[in-house]
Amino acid sequence: MLLIWLVLGLCLPATSLPTQVVLDAPQLPSLHTGDRRLQGRFLHITDLHPDPFYKRGAHPSTACHRTKPKKKRRAGYYGTAYKECDSPFALTNFTLDYLEKRWSDDIDFVIWTGDSARHDNDDKIPRPLSEVYELNRAVTEKMKQVFSSKGIPVVPTIGNNDVWRPNDITRTYSSMWDGFIPSDSRASFLQGGYFSIEVVPGALAVVSLNTMYFYSSNEGHVPPMDGHYYSRCYGRYVELSLRFQDTILGHLFGHLNTDHFYFMKADDVHVDENAKETLKLTRHAASLFDMLVADFSRLPGPQDGIEYGDYAVVNVNPSVVPNPYVPTFRAYVYNVTGLPDGMSERYGGVGFEGSPECWGKSGSGAVKRKGGYRRDELEGCGVDFGGGVHFGSPSRRNLLWTPLGYAQYWMPKVEEYDARDTPEYELEYLTFSLSRLHAGGAGGQISNTQPFIPLENLPEELRDAKVEKSKYAPYDMDDLTIPSWIELARRIGKDRGKLRRRFRKYLYVGGEDEP
């Protein structure tokens, strides 16, 4: 069986760009795909938003494009935190160079969920289509230089700020992303802007979907939610996510710039129109934090006989651009222990068959509801509500390919760095329990001696395998399976103290609230 991650991304007169190079991208060496040892890690990078008009010393009220007399707040060299200013090239270049230096030897692939042009938020400098494509080409070439040249697959997704007219984009990006899109996926991308790639051949794939077709505002890389997608599209997406829960390892998104997770549920397959309007009003009035905590507090407990097959987890990653928070990126770890001899040395040929002790067992039905469903309830979408989810699936228990956790990095001091300084991304938090951080499981090591996160990318206090308590590990999760996410959500929903406050802090990446 092939397991998959789902990543979903995605005229005004031309204005002359400043005389500067859009990202530094030197001549590329020839790309190669030589054998690489599986590391059991990958990066998620999203929403870079490089801005060729960003001006150090400008005022944030001008999108950091112009100065204003008598205004004290000034745009920093590497970015302006918690304001509506996009990324200077100094930040985007530094970030990708930093990832090359500190992470490229320790990862298997990169997920890049779009928005690689500046926001069109300055009436005095409108953003023409030529600029959107120029910025995307520059970021693409930088990605090839940093990752593809080392044989690391990069999986891009179209973002809502990467498009102009939806029907004109696929040919341009097909050419631009020629090194990223497999030849057998070229036709699907040209037709609909989506594709898949086997990042571990024969075993693990990433599907890059184009959600512009799902969203009434024609925007890509938008997370699935009933208020975001057309109701039929959302219902079908939820149903497919639950029906193939034993195949889909996770759903990764950008766009919102906040850091959070939430659940798609079986009850979301069908939403009563009256209830839908009430839900919209409630969500409009409530903050994202309040809405999530309310959802978490309503989760059934183990004593209620929770059906894990009725839930799928959506992870939303915060952005590189410090708009409106601070720069971030995320490093995921997944289970590659127990590979057949030699398979950790070279990619390929390992599928999922489940654990022998689980054969013959199954979980609850993927989608079920009181009274049952009729096949035609999605008005011709052609979905099937039958079947169940295998208890031995890597989305449900820790097996080969199961996502184990992630390390979230940020740059809280982005405004303090000047041209003479070398910025630093710092660890913000881990999902792992400290007992598992050094237990290994990454890198295909049968002896489990390799830590989940390379020691040089951990704070000094976490490099000691004997550490038992740390501010960096508040969630204490064993893995990122659906039961583990539900357990964390229950704890946040019930806890009115430190854990909930930490969740809120991470949600807004150290900021106060939604802008």
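Before any of the text, the structure's been laid out above.
First, a word on what this report is: a plain description of the structure on this page. These figures come from a predicted structure and were not determined experimentally.

Quick notes on the overall build of the protein chain
Alright, step 1. Along its length, the protein chain carries 10 helices and 12 strands.
Alright, step 2. A total of 515 residues make up the protein chain; the buried ones form 59% of that total.

Some words on the packing of helix H9 (residues 482–494) against helix H10 (residues 498–507)
Alright, step 1. Orientation of H9 relative to H10, taken along the N-to-C sense of each, is 110 degrees, at an axis distance of 7 Å. Judged by the angle between their axes, H9 and H10 are roughly perpendicular. Residue-level inspection shows Arg491, Ile492, Gly493 and Lys494 of H9 in contact with H10, the latter providing Leu499, Arg500 and Phe503.
Alright, step 2. When grouped by side-chain class, the residues that make up the contact of H9 with H10 number three nonpolar, one polar and three charged.

A look at the packing of helix H7 (residues 288–297) against H9
Alright, step 1. At their nearest, the axes of H7 and H9 sit 8 Å apart, and the two run at 110 degrees to each other. One finds that H7 runs roughly perpendicular with respect to H9. Across the interface between the two elements, Val293, Phe296 and Ser297 of H7 pack against Ala489, Arg490, Ile492 and Gly493 of H9.
Alright, step 2. Taken together, the residues that form the contact of H7 with H9 break down as four nonpolar, two polar and one charged.

With respect to the side chain of serine 319
Alright, step 1. Along the chain, the position of serine 319 falls in the loop between strand S9 (311–316) and strand S10 (328–334).
Alright, step 2. By relative accessible area, which is 2% here, serine 319 ends up buried.
Alright, step 3. Among the polar contacts listed, one links the side chain of serine 319 to the backbone oxygen of valine 321, at a separation of 2.9 Å.
Alright, step 4. In this structure, serine 319 is in contact with Thr46, Asp47, Asn257, Val326, Pro327 and Thr328, ignoring residues within four places of it in sequence.

Considerations on the pattern of salt bridges
Alright, step 1. This structure, assessed with the given rule, holds 14 salt bridges.
Alright, step 2. Across the pair arginine 490 and glutamate 487 runs a salt bridge, and its minimum N-O distance is 3.0 Å. Of this pair, arginine 490 and glutamate 487 both sit in helix H9, three residues apart, which is roughly one turn of that helix.
Alright, step 3. Residue classification places arginine 490 among the buried residues on the basis of a relative accessible area of 5%.
Alright, step 4. Where salt bridges share partners, they join Arg56, Asp418 and Arg420 into one cluster.

Quick notes on the side chain of serine 188
Alright, step 1. Relative to the helices and strands, serine 188 is located in helix H4 (residues 186–192).
Alright, step 2. One polar contact links the side chain of serine 188 to the main-chain carbonyl oxygen of serine 185, over a distance of 2.9 Å.
Alright, step 3. Not counting chain neighbours up to four residues away, the residues in contact with serine 188 comprise Gly193, Tyr194 and Phe195.

Concerning the environment of lysine 55
Alright, step 1. Mapping lysine 55 onto the fold places it in the loop between strand S2 (41–45) and helix H1 (89–103).
Alright, step 2. Lysine 55 sits in the partly exposed class, given a relative accessible area of 42%.
Alright, step 3. Here the alpha-carbon distance between lysine 55 and threonine 67, two residues 12 residues apart in the chain, equals 8.4 Å.
Alright, step 4. Dropping the residues within four chain positions of it, lysine 55 is found in contact with Cys64, His65, Thr67 and Ala75.

Considering the state of the cysteines
Alright, step 1. Considering all chains together, one arrives at one disulfide under this definition.
Alright, step 2. Put simply, cysteine 64 and cysteine 85 are joined by a disulfide, and their sulfur atoms are 2.1 Å apart. Taking the sign of the torsion about the S-S bond as the criterion, the disulfide between cysteine 64 and cysteine 85, at about 75 degrees, is right-handed. Here cysteine 64 is found in the loop between S2 and H1, whereas its partner cysteine 85 is found in the loop between S2 and H1, with 21 residues between them in sequence.

Some remarks on the sheet that holds strand S12 (residues 426–430)
Alright, step 1. Reading across the sheet, the six strands line up as S4-S3-S2-S10-S11-S12 and stay open at both edges, with mixed pairing between neighbours. Edge positions in the sheet fall to strand S4 (154–156) and S12, since each has one partner strand and no second. Adjacent strand axes in the sheet meet at a mean angle of 25 degrees when their direction is disregarded.
Alright, step 2. For strand S11 (residues 403–410) and S12, the ladder comprises four bridges, and the chain directions are antiparallel. By the bridge assignment, tryptophan 410 is partnered in S12 with glutamate 426.

Considering unusual backbone geometry
Alright, step 1. Asparagine 323 connects to proline 324 through a cis peptide bond whose omega is 15 degrees.
Alright, step 2. Counting through the fold element by element, proline 324 comes out in the loop between S9 and S10.
Alright, step 3. One non-glycine residue with positive phi stands out, namely histidine 255, at about 80 degrees.
Alright, step 4. Mapped onto the elements of the fold, histidine 255 is located in the loop between strand S7 (248–253) and strand S8 (260–265).
Alright, step 5. A positive phi angle, close to 50 degrees, is found at valine 509, a residue other than glycine.

Details of the pairing of strand S6 (residues 204–210)
Alright, step 1. For S6, the tally of buried residues reaches seven of seven residues, placing the bulk of the element in the interior.
Alright, step 2. A two-sided burial pattern is seen for S6, the buried positions comprising Leu204, Val206, Ser208 and Asn210 on one face and Ala205, Val207 and Leu209 on the other.
Alright, step 3. Summarising the sheet, strand S5 (residues 195–200) and S6 pair through five bridges and their orientation is antiparallel. Following the sheet pairing, phenylalanine 195 is matched in S6 by serine 208.
Alright, step 4. What sits between S5 and S6 in their antiparallel hairpin is a turn of three residues, with glycine 202 showing a positive phi close to 80 degrees.

Conventions adopted
As a convention, each chain's residues are numbered from 1 in the sequence order in which they are written. Totals for whole chains, interfaces and linings use all residues, but because this is a predicted model, local features are given only for residues with pLDDT of at least 70 and pairs of side-chain atoms are given and counted only at 80 or more. Note that the side-chain values use all heavy atoms of the structure and ignore hydrogens as well as water. In this description a helix means any DSSP run of H or I spanning at least four residues, a strand means any run of E spanning at least two, and both kinds are numbered starting from the N terminus. Relative accessibility decides the category of a residue: with a 1.4 Å probe and only protein chains considered, values under 20% of the type maximum give buried, values over 50% give exposed, and everything between is partly exposed. To define axes, lines are fitted to C-alpha atoms, for helices over the stretch in contact only, and angles between the resulting N-to-C directions are given on a 0 to 180 degree scale. We call two directions roughly parallel when the angle between them is under 35 degrees, roughly antiparallel when it is over 145, roughly perpendicular when it lies between 65 and 115, and oblique otherwise. We call two residues contacting when some pair of their heavy atoms lies within 4.5 Å. Ten residues, namely Ala, Val, Leu, Ile, Met, Phe, Trp, Tyr, Cys and Pro, are considered nonpolar, four, namely Asp, Glu, Lys and Arg, are considered charged, and the remaining ones, Gly among them, are considered polar. Counting of polar contacts relies on pairs of N or O atoms within 3.5 Å, with two restrictions inside protein: one atom must be capable of donating a hydrogen and the other of accepting it, and residues adjacent in sequence are counted only when both atoms are side-chain atoms. We define a salt bridge as a contact between a side-chain nitrogen of Lys or Arg and a carboxyl oxygen of Asp or Glu at a distance within 4 Å. A pair of sulfur atoms, both from cysteines and within 2.5 Å, is called a disulfide here. Criterion used throughout: strands pair if DSSP finds at least two bridges between them.

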